[in-house]
Amino acid sequence: MTRTEEFQELRPLLFSIAYRILGSVSEAEDAVQEAWLRFEGAAAEPRSVKAYLSATVTRICVDVLRSARVRREEYVGPWFPEPLLADPYEDPARAAELADSVSMAALLLLERLSPLERAVFVLRDVFDFGYPEIASAVGRSEAACRQLVVRARRHMAAGRPRFDADRKERQELAARFFDALREGDVAGLRDLLAADVSLVGDGGGKAPQLARAVMGADNVARLLASVLPRMARIDVSFEPHELNGQPGAVFRDRDGRVLHTLALDVLDGRIQAIRLVINPDKLAHLGPVADAWEISRELKRAPRG
């Protein structure tokens, strides 16, 4: 195959690695493109194109993540990953690991790790790379990489969720949730929520967002049931869609522009967390983005009855 054909064949894997390390669709795409430029300009043909490109994109991502640390520390309000509609990489032998590792909850746990810990954890536990390949990718010895993986696993195990394995059950619960949401059914919503459910929004200071997290089934159910029918009156609609491997939805204004996404964490037959991504910078890869401030003003004018 030509270099272009080899690269295109590996692009889904490279993007999936980059997205898990960075938590950003746009930055992951940039990292993959930079890896291609380096591959295209390399004088010698690597013995393993997969190993070369995986190592290259990992190094790029580690550098990006280090520079992004300051930006994320200064971020206004909660920080969530950019929503991912579909993971382009598939491996039936590692389907469970791939699905679990791309969830919002898992990506937020990865934020606790150092850039190197995050990279070696993703390469080893998600994509099953060997330690020689990992050592080459991050420029550390195999022994050092093993220690990094152990530390990363310890951090992840401290708060890692394990989602229900039955995808059909998750989808059925989500369908009931969205039906109750459309109807403004407080009791119906409450029955689907965990007692300590949380509703959190990421606006990044660039869109209206909740002043603080809303906690508890009753509070969350009442808020959703009061706001969603009013949003429908100003022609805001939503379409259920899997986000980061979990049930979710994309909300749009009357012109079809993306307003925000909503992702559900489902465990033990209940919704444990609801996360809204409202920051327009994190939605641009989904299509034209709505003016959330204008929608908020229009929503305040909408009748409550």
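For the structure, check the block above.
Note that the structure is predicted; figures quoted are calculated from it, not measured. (Residues numbered from 1 in each chain as written. Predicted model: local features only at pLDDT ≥ 70, side-chain atom pairs only at ≥ 80, totals over all residues. Heavy atoms only, no water.)

**Thoughts on the packing of helix 3 (residues 49-73) against helix 6 (residues 115-126)**
Counted only if it meets this: Angles shown run from 0 to 180 degrees and are taken between the N-to-C directions of axes, each axis being a line fitted to C-alpha atoms and, for helices, limited to the stretch in contact. Counting from the N terminus, the helices are DSSP H or I runs at least four residues long and the strands are E runs at least two residues long. The cut-offs work like this: below 35 degrees is roughly parallel, past 145 is roughly antiparallel, 65 to 115 is roughly perpendicular, and the gaps in between are oblique. Two helices crossing with the near one rotated counterclockwise from the far one by less than a right angle form a left-handed crossing, whereas a clockwise rotation gives a right-handed crossing. Only heavy atoms matter for contacts: two residues are in contact if any of them lie within 4.5 Å across the pair. Under the scheme applied, nonpolar residues are Ala, Val, Leu, Ile, Met, Phe, Trp, Tyr, Cys and Pro; charged residues are Asp, Glu, Lys and Arg; polar residues are all the others, including Gly.
Here helix 3 crosses helix 6 at 135 degrees, and the two axes come no closer than 9 Å. Here helix 3 is positioned oblique relative to helix 6, judged by the angle of their axes. The handedness of the crossing between helix 3 and helix 6 is right-handed. Along its contact with helix 3, which presents Thr58, Val62, Leu65, Arg66, Arg69 and Arg72, the element helix 6 presents Pro115, Leu116, Arg118, Ala119 and Leu123. Class assignment for the residues of the contact of helix 3 with helix 6 results in 6 nonpolar, 1 polar and 4 charged.

**Section: the nonpolar core**
Rules: Nonpolar cores are built from buried Ala, Val, Leu, Ile, Met, Phe, Trp, Tyr and Cys residues. Side-chain atoms within 4.5 Å join them into one set. For the exposure calls, accessible area comes from a 1.4 Å probe over protein chains only, and a residue counts as buried if that area is under 20% of its type's maximum, exposed if over 50%, partly exposed in between.
Counting 51 residues, the largest nonpolar core has Ile17, Tyr19, Val57 and Phe127 as the members making the most contacts within it. Among the secondary structure elements, those contributing two or more residues to this core are helix 1 (3-22), helix 2 (25-41), helix 3, helix 5 (104-110), helix 6, helix 7 (131-138) and helix 8 (142-159). Among the elements that line this core, the one with the most residues is helix 1, at 10 residues. Once you skip the residues sitting within four places of it in the chain, Val57 turns out to touch Leu14, Ile17, Ala18, Ala31, Val32 and Ala35. Ranked by size, the runner-up nonpolar core spans 38 residues in total, among them Ala180, Ala249, Ile295 and Ala302.

**Considerations on the packing of aromatic side chains**
This is how it is decided: Between rings of Phe, Tyr and Trp, where Trp is taken as its six-membered ring, a pair exists when centres lie within 6.5 Å; planes separated by under 30 degrees are stacked, by over 60 edge-to-face, and by other angles tilted.
Scanning the entire structure with this criterion turns up 8 aromatic pairs. Ring centres of Phe7 and Trp36 lie 5.1 Å apart, and the angle between their planes is 45 degrees; on these two criteria the pair is classed as tilted. Pair noted here: Phe7 is in helix 1 and Trp36 is in helix 2, with a separation of 29 residues, a long-range link. Here Phe7 and Trp36 have matching classes, each one buried. An aromatic cluster is present here, built from Phe7, Trp36, Phe39 and Tyr52 joined pairwise through their rings.

**Description of the sheet that holds strand 1 (residues 193-202)**
Two pairing modes exist for strands in a sheet, parallel and antiparallel, and in both the strands are linked by backbone hydrogen bonds. This is how the line gets drawn: Being paired, for any two strands, means DSSP has found at least two bridges between them.
Here we have 6 strands laid out as an open sheet, ordered 2-1-6-5-4-3, and mixed in their pairing. Either end of the sheet is taken by a strand with one partner, and the two such strands are strand 2 (214-215) and strand 3 (237-240). Where strand 1 meets strand 2, 2 bridges bridge the pair, whose relative direction is antiparallel. Residue pairing for strand 2: Ser198 is matched across the bridge by Met215. Lying over the sheet, helix 9 (residues 167-183) contacts strand 1, strand 3, strand 4 (248-252), strand 5 (258-267) and strand 6 (270-277), oriented at roughly 130 degrees with respect to strand 5. Set on the sheet, helix 11 (residues 217-233) makes contact with strand 1, strand 2, strand 3, strand 4, strand 5 and strand 6; between it and strand 1 the angle comes to about 50 degrees.

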